[in-house]
Amino acid sequence: MLAQKAGLEVDRAGRIPVQPDCTIAGHPEVFAIGDMVSLNKLPGVAQAAIQEGGYVAKLIKARLSGDQESAPFKYFDKGSMATIGYRAAVADAFGMKFTGLIAYIMWMIIHMMYLIGWGNRLGTLYTWLRALVLSKSRGHRIITFEQATDRLDEDLPLNSRPG
């Protein structure tokens, strides 16, 4: 919708092009970040979005205080991690590659660091540890379309429910 309203063409992945300062061409007041944008062939991962968000926040603060000059956004690649199975992951971080349980533990720690609040961190840690010890299923991390729409229906007021 943003691309359509701004008169922009999306790439084949559906991303909109942005300027080096994460603004939309012709609209210096509109910022776009994350996996919805195409900027310097950045990966559509959380780390890029987090860094873009921090950059844009500082840029807005600078502009509000009268500084109109800005350096372009620069991405710092902190590495990559992914879970690949029961108690197994792969990680490419700190200039080294890790696999198996050690990579899985690294993945857990990094993800917990980015959660907001100790309650969320402890609750997530409990859920993950329970799943690691008592189950080989990763179903607790899967959200199906039916679960999402059921939850959406529960949260919507009666007069705004579809159908």
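As shown above, the structure is provided for reference.
Positions within a chain are numbered from 1, following the residues in the order the chain's sequence is written. Per-residue local features are limited, in this predicted model, to residues with pLDDT of at least 70; the limit for side-chain atom pairs, both in listing and counting, is 80 or more; totals at the level of whole chains, interfaces and linings are taken over all residues. With hydrogens and water stripped out, all remaining heavy atoms of the structure feed into the side-chain values.

A. Molecular detail of the packing of helix 3 (residues 100-113) against helix 4 (residues 118-134). Comment: axis = line fitted to C-alpha atoms, over the contacting stretch for helices; angle = value between 0 and 180 degrees taken between N-to-C directions. Each helix corresponds to a stretch of at least 4 residues labelled H or I by DSSP, and each strand to a stretch of at least 2 residues labelled E; elements are numbered beginning at the N terminus. Two elements in contact, helix 3 and helix 4, have axes separated by 10 Å at closest approach and are oriented at 160°. By the angle between their directions, the pair helix 3 and helix 4 is classed as roughly antiparallel. The two elements helix 3 and helix 4 meet at a crossing, and its hand is right-handed. In this structure, helix 3 uses Tyr104, Trp107, Met108, His111, Met112 and Met113 to contact helix 4, whose residues at the interface are Arg121, Thr124, Leu125, Trp128 and Leu132. Broken down by class, the residue content of the contact of helix 3 with helix 4 amounts to eight nonpolar, two polar and one charged. In what follows, roughly perpendicular refers to angles from 65 to 115 degrees, roughly parallel to angles under 35, roughly antiparallel to angles over 145, and oblique to any angle outside these ranges. Here a crossing is taken to be left-handed if its near helix is turned anticlockwise relative to the far helix by less than a right angle, and right-handed if that turn runs clockwise. Whether two residues touch is decided by their heavy atoms; if any such pair falls within 4.5 Å, the residues are in contact. Under the scheme applied here, ten amino acids are nonpolar (Ala, Val, Leu, Ile, Met, Phe, Trp, Tyr, Cys and Pro), four are charged (Asp, Glu, Lys and Arg), and all others, including Gly, are polar.

B. Summary view of the pairing of strand 3 (residues 27-31). Any two strands with at least two DSSP bridges between them are considered paired. Pairing between strand 2 (residues 23-24) and strand 3: two bridges, direction antiparallel. Each bridged residue has a counterpart across the sheet, and for Ile24 the counterpart in strand 3 is His27. Hairpin geometry of strand 2 and strand 3 is characterised by an intervening segment of two residues between the two adjacent antiparallel strands and by a positive phi of about 80° at Gly26.

C. Quick look at the sheet that holds strand 7 (residues 96-99). With respect to topology, three strands assemble into an open sheet ordered 5-6-7, the strand pairing being antiparallel. Edge positions in the sheet fall to strand 5 (80-85) and strand 7, since each has one partner strand and no second. Between one strand and the next, the sheet's axes are offset by a mean angle of 10°, whatever the strand orientation. Alignment of strand 6 (residues 88-93) against strand 7, held across four bridges, turns out to be antiparallel. The residue bridging Ala93 from the neighbouring strand is Met96, located in strand 7. This element, helix 3, spans strand 5, strand 6 and strand 7 of the sheet and lies at about 70° to strand 6.

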